[in-house]
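# Examination of the molecular architecture
Single-letter residue listing:
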Amino acid sequence: MLVSEQKPVEEILRYLDGENNIFLVGCKGCAEGFESGGEPQVMEMKQKLEAEGKTVIGFTLIDMVCNQSLSRMKLIPYQQVLDGTNALLCLTCGSGVQSLSSVVNKLVYPGCNTISSVGGHAEWKEAERCMECGDCVLAYTGGICPIARCSKSMSNGPCGGSENKQCEVNPGIDCAWHLIVERLTKLGRLDKLEEVIPPKNWGVSLTGGPPRY
Amino acid sequence: MASKFKQALNSGKFVVTTEVGPAKGTNMDAMLHHIDLLKDVVDAINVTDNQSSVMRFPSVGGCMLVKQKGAEPILQMTCRDRNRMALQADLLYANYMGIENVLCLTGDAIPVGDHKEAKSVFDLDSVQLLKTVRTLESGKDLGGNDLDGVPSYCAGAIVTPEANPIEPQLVKFEKKVNEGAEFFQTQAIYDLDNFKKFMKHARKYDTKILAGIVLLSSAGMARYMTKNIPGIFVPQDLIDEMAGAPKGQALKTGIEIAGRLIGELKKEAICDGVHIMAIGKEEVVPDILAAAGM
């Protein structure tokens, strides 16, 4: 089980500044269990966003958003609705956000922070996806996590060592920052990288503070 | 009062910096010798910070020695070995001791160095370290607390003009400028046409660019760097020139190439200065400048 908790709505609204038509995704797996992204939380978020003048053009709940194939399949009926938005808000762990991000050509914003996997892992297993940092930055980085996937967990761009899209430290793996820039270029949203990510709150991360689970 | 280095940057002259590396151990004879040789021919001397993730005498200690010799130090600080508390503490100490120039780096990764079992820190990255410098100058620390005594710095950063692909590097370059990087010392450049393309972009921003000049000491080194060091590209004609040097004369040829590059950068006013990295051959830096006609 991955333990997540909802981000403060003010933080979510800051990410969604300029995005008017929002599609909401919840998860009937861990996020339902921890009451961060089950059906009641999705409905509640819908109301909060609408109260702030946003249009929620649709929503769905997927059994396990971190299951990439399942997410791809479950979104098929919503293709037309999704054509009307550039922004999905995903109320799941970081793995769920990245899984969803990998199956839609849209920005997927995290609505939750992932605070622990309590020893378990998500269903998308081919690479490290989420380090349970507790302070999710996926809203800035096109749904690809630099904390888990960059060898130096760099928040604001690549080091000088990336060559041919590979990591200098471990040449067998992709440079996370290359993937991020490539994806945001494809989405026409390089503007997302203009904002400097401030120093992170490592006090809420699994390895930076006291264990919470 | 701006630091001597900052005054040089703002004077419009072609600025020259170089670097020295502290010893592994307490024998500073070689470094002190290099400082003596360099102090009157350059505007400032960088002191590296556990360079290549190899544990050494600290950069702040090295900067103290540069100061004692009457030269202008640039403190290199990486985020690999210290968290935000230690970095801020060292910045305060450096400022108090009259070390006013700081180069903000993320730092090489632990696995490339000589303490592979160490825990890497990376609490901050280079962009956030620049922000930290500016925060301290505002009289606050990163925790939002008031400082008793406010420091000021001349802060810079690095950039890799030959990065492949270049786009992610430019994103970060812009962030560094926006966070107040007053100068950049670049990764090694050898191809002036490529560098001019980078400078065309960089000139849109209000910051000073010092081109990185790494001395070639043999054809083998040139081939190795272009093949193995990300962000370094040595054109084939320079490799051929090194390979064609008479026996025992490769270093001399390397000095001529470095001098020629610097001479062209200065003559064509392509950038604001150079940062010479002689990597173990610091004693020939004056020869390089002589070859550049400086």
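Data block above holds the structure.
Everything in this summary refers to the structure shown in the same document. In this text, all values refer to a predicted model and were calculated from it rather than measured experimentally.

### As for the overall build of chain B
Looking only at helices and strands, chain B features eleven helices and eight strands. Taking 294 residues into account, the globule formula puts the C-alpha radius of gyration at 19 Å, and chain B, at 19 Å, falls close to it. With the C-alpha coordinates aligned to their principal axes, the bounding extent of chain B is approximately 60 × 45 × 40 Å. Across the 294 residues that make up chain B, the buried fraction comes to 55%. Long-range contacts, defined as pairs at least 24 residues apart, comprise 76% of the intrachain contacts of chain B with a sequence gap of at least 6. Carbon and sulfur atoms make up 52% of the accessible area of chain B, which totals about 12400 Å². Looking at charge distribution, chain B has the averaged site of its 33 positive side-chain charges lying 2 Å from that of its 37 negative ones.

### Here's the deal with the overall build of chain A
Across its full length, chain A holds eight helices and six strands. Listed N to C, the secondary structure of chain A is β-α-β-α-α-β-α-α-β-α-β-β-α-α in terms of helices and strands. The globule rule puts the C-alpha radius of gyration for 213 residues at 17 Å, and the 16 Å found for chain A is close to it. Overall, the C-alpha framework of chain A stretches about 45 × 40 × 30 Å when taken along its three principal axes. Per-residue burial for chain A yields a buried fraction of 55% across its 213 residues. Here the contacts in chain A between residues at least 6 apart in sequence split such that 67% fall between residues at least 24 apart. If you sum the accessible surface of chain A, you get close to 9000 Å²; carbon and sulfur atoms cover 48% of it. Here chain A contributes 20 positive and 25 negative side-chain charges, whose respective centroids are spaced 3 Å apart.

### Overview of the interface of chain B and chain A
It is common to give the size of an interface as the accessible area that goes away when the parts come together. With 27 residues of chain B at the interface, the matching set in chain A holds 27 residues. Taking both sides of the interface into account, the surface hidden between chain B and chain A amounts to around 2300 Å²; carbon and sulfur atoms contribute 57%. Of all residues in chain B, the largest losses of buried area upon contact with chain A belong to Q128, K175 and P230 of chain B, amounting jointly to 24% of the total for that side. If you look at where chain B meets chain A, you find zero salt bridges.

### Examining the pairing of strand β5 (residues 154–159) of chain B
All names here are of chain B. With respect to burial, β5 is a largely interior element, five of its six residues being buried. The handedness of the strand β4 (residues 101–105) to β5 crossover, carried by helix α5 (residues 126–137), is right-handed. Strand direction decides the pairing type here: β5 and strand β6 (residues 183–188), joined by four bridges, are parallel. Its bridge partner being in β6, G156 is matched across the sheet by F183. Note on the crossover from β5 through helix α6 (residues 167–178) to β6: the handedness is right-handed.

### Structural notes on the state of the cysteines
Under the counting rule described, the total for this entry stands at zero disulfides over all chains. Free of any disulfide, C90 of chain A has its nearest cysteine sulfur in C27 of chain A, 7.7 Å distant. By relative accessible area, which is 0% here, C90 of chain A ends up buried. The closest cysteine sulfur to the non-disulfide-bonded C271 of chain B is located on C154 of chain B, 16 Å from its own sulfur. Residue C271 of chain B is classed as buried on the basis of its relative accessible area of 5%.

### Thoughts on the packing of helix α4 (residues 68–75) of chain A against helix α6 (residues 94–103) of chain A
All names here are of chain A. Close contact between α4 and α6 brings their axes to 9 Å; oriented N to C, the two are set at 55 degrees. As summarised for this structure, α4 and α6 are arranged oblique, according to the angle between their axes. Of the two possible hands of crossing, α4 and α6 adopt the one that is right-handed. Seen from α4, the contacting residues are Q68, S71, R72 and L75; seen from α6, they are S99, L100, S102 and V103. Taken together, the residues that form the contact of α4 with α6 break down as three nonpolar, four polar and one charged.

Thresholds applied
- Residues numbered from 1 in each chain as written.
- Chains lettered and ligands numbered in written order.
- Predicted model: local features only at pLDDT ≥ 70, side-chain atom pairs only at ≥ 80, totals over all residues.
- Heavy atoms only, no water.
- Helix = DSSP H or I, 4+ residues; strand = E, 2+ residues; numbered from the N terminus.
- Rg over C-alpha atoms; globule rule 2.2 N^0.38 Å.
- Buried < 20%, exposed > 50% of the residue type's maximum accessible area, 1.4 Å probe, protein only.
- Contact = heavy atoms within 4.5 Å.
- Areas by Shrake-Rupley, 256 points an atom, 1.4 Å probe, with all protein chains shown as cover.
- Lys, Arg positive; Asp, Glu negative; His and termini not counted.
- Charge placed at Lys NZ, Arg CZ, Asp CG, Glu CD.
- Buried area = accessible area lost by both parts, 1.4 Å probe.
- Salt bridge = Lys/Arg side-chain N within 4 Å of Asp/Glu carboxyl O.
- Right-handed = clockwise from strand over helix to strand, strands pointing away.
- Pairing = 2+ DSSP bridges.
- Disulfide = S-S within 2.5 Å.
- Axes fitted to C-alpha atoms, helices over the stretch in contact; angles between N-to-C directions.
- Parallel < 35°, antiparallel > 145°, perpendicular 65-115°, else oblique.
- Left-handed = near helix turned anticlockwise from the far one by under 90°.
- Nonpolar A, V, L, I, M, F, W, Y, C, P; charged D, E, K, R; others polar.

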